[in-house]
Amino acid sequence: MKPLVITIDGPAGAGKTTVSRMVADRLNYRYIDTGALYRAIAYQAKSDQIQPEDDEGLEKMCRRIKLAFQSFSHGQRILLNETDITDFIRTPEITMLASAVSARSVVRAFLLEIQRDMGREKEAVFEGRDMGTVVFPEADIKFFLTASAKERARRRYNEFKDQSKQSLDEVEQDIRHRDRNDSQRDIAPLKPATDAILVDSSGVAAEEVVQQILAEIEHRFGNA
Ligand code: DC
C-alpha cells in the first residue's frame with residue numbers, strides 16, 4: 001500500500017483518540033494528536049497569564065515556543081520547549097482554555113505549519129477537528145467520527161472520574177459548550193469535509209469502528 005495521510009476528525013468524546021491510536025498501530029503509522037498542540041498553547045497561555053482574546057500576546061508567545069511529540073511504546077508525550085507537559089494538559093480548566101485559544105486565528109496559523117510539517121513524511125493518522133477540511137485538504141482518506149452528546153459525555157466521565165470532580169451532568173454541559181464553540185467559530189469550524197466518510201460510533205465498540213475504518217482503507221488502497 002502506498003504511504004498515506006489519514007485524517008480522523010470529529011467532536012470531543014466521539015472516540016477519536018482510541019480509534020486513531022488503534023488504526024495507527026495496526027498500520028504501523030505515526031499517531032498525531034493535534035488537540036494536544038492546542039492544549040499546549042492553552043497551558044503556556046495560562047502560565048504566562050495571557051487571555052485567550054489577547055491576539056498580540058498569543059502571537060508573541062507562539063514565537064517563543066517549540067512544540068514536539070515524542071513516541072514511546074507506552075504512548076506519546078508532548079514537549080513544550082523541551083519540557084514534558086503531557087500530564088498537565090487534560091484538566092477541565094486547560095480543556096476549556098484550549099477550546100478558547102483554538103478559536104484565535106493567530107494560534108491556528110501557528111499550528112497549521114507545524115502540523116503540515118508533521119504530515120510531509122506521510123504514514124500518519126492525524127486526529128483533530130479540521131484535519132480533513134483545512135490542514136490536509138488533499139489527505140488520502142478522511143473520516144469524521146461522531147456519537148450522540150450523551151454517549152460522548154458518558155465516555156469522558158468514565159475516563160476521568162478518578163481524576164476529576166465533575167459530575168456526569170457537568171461533563172455533558174462542557175461537551176455541549178465545546179461543541180458550540182468548536183462548530184460555530186469563524187475559522188476552521190468543526191464540520192465534516194465534503195469527501196469525509198462519516199462513522200457514527202454511538203453504541204459501537206472501538207474495535208468495530210477500527211475494523212470499519214481499516215476496511216474502507218483496504219477497499220480504496222489495497223492490503224496494508
Ligand atoms: O481533541 P481535544 O479535546 O484534545 O482538543 C482540544 C481543543 O482543541 C478542542 O476544544 C478543539 C481544539 N482543536 C481544534 O480546534 N483543532 C484541532 N485540530 C484539534 C483540536
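Remember, it's a predicted structure, so these values are computed and weren't measured experimentally.

The antiparallel open sheet is built from 3 strands, whose spatial order is β3-β4-β5. This sheet does not close on itself; its edge strands, each paired only once, are β3 (67–72) and β5 (83–84). Both strand β4 (residues 75–80) and β5 contribute to a ladder of 2 bridges, which runs antiparallel. By the bridge assignment, L80 is partnered in β5 with T83. Strands β3 and β4 of the sheet are contacted by helix α2 (residues 35–47), whose axis makes an angle of about 35° with β4.

Once that is clear, we can look at the pattern of salt bridges. Tallied over the entire structure, the rule returns 22 salt bridges. Of the charged contacts, one joins K122 and D140 as a salt bridge, the two residues approaching to 3.4 Å between their closest N and O atoms. In this pair, K122 sits in the loop between α5 (105–119) and β6 (124–128) while D140 sits in the loop between α6 (131–135) and β7 (141–146), placing the two residues 18 residues apart along the sequence. According to the relative accessible area criterion, K122 is partly exposed, its value standing at 32%. Overlapping salt bridges bring together K2, K122 and D140 as one network.

Parameters and conventions
- Along each chain, the written sequence defines residue order, and numbers are assigned to residues from 1.
- Whole-chain, interface and lining totals are the exception, using all residues; otherwise, since this is a predicted model, local features are given only for residues with pLDDT of at least 70 and side-chain atom pairs are given and counted only at 80 or more.
- Excluded from the side-chain calculations are hydrogens and water; all other atoms, namely the structure's heavy atoms, are used.
- By the convention used here, strands pair only if DSSP detects at least 2 bridges between them.
- Counting from the N terminus, the helices are DSSP H or I runs at least four residues long and the strands are E runs at least two residues long.
- Here, two residues are considered to be in contact whenever any of their heavy atoms come within 4.5 Å of each other.
- Think of each axis as a best-fit line through the C-alpha atoms, taken over the contacting stretch in the case of a helix, with angles from 0 to 180 degrees between the N-to-C directions.
- Every case where a carboxyl oxygen of Asp or Glu lies within 4 Å of a side-chain nitrogen of Lys or Arg is listed as a salt bridge.
- Per-residue accessibility, obtained with a 1.4 Å probe over protein chains only, is compared with the maximum for each type, and a residue is labelled buried under 20%, exposed over 50%, and partly exposed between these values.

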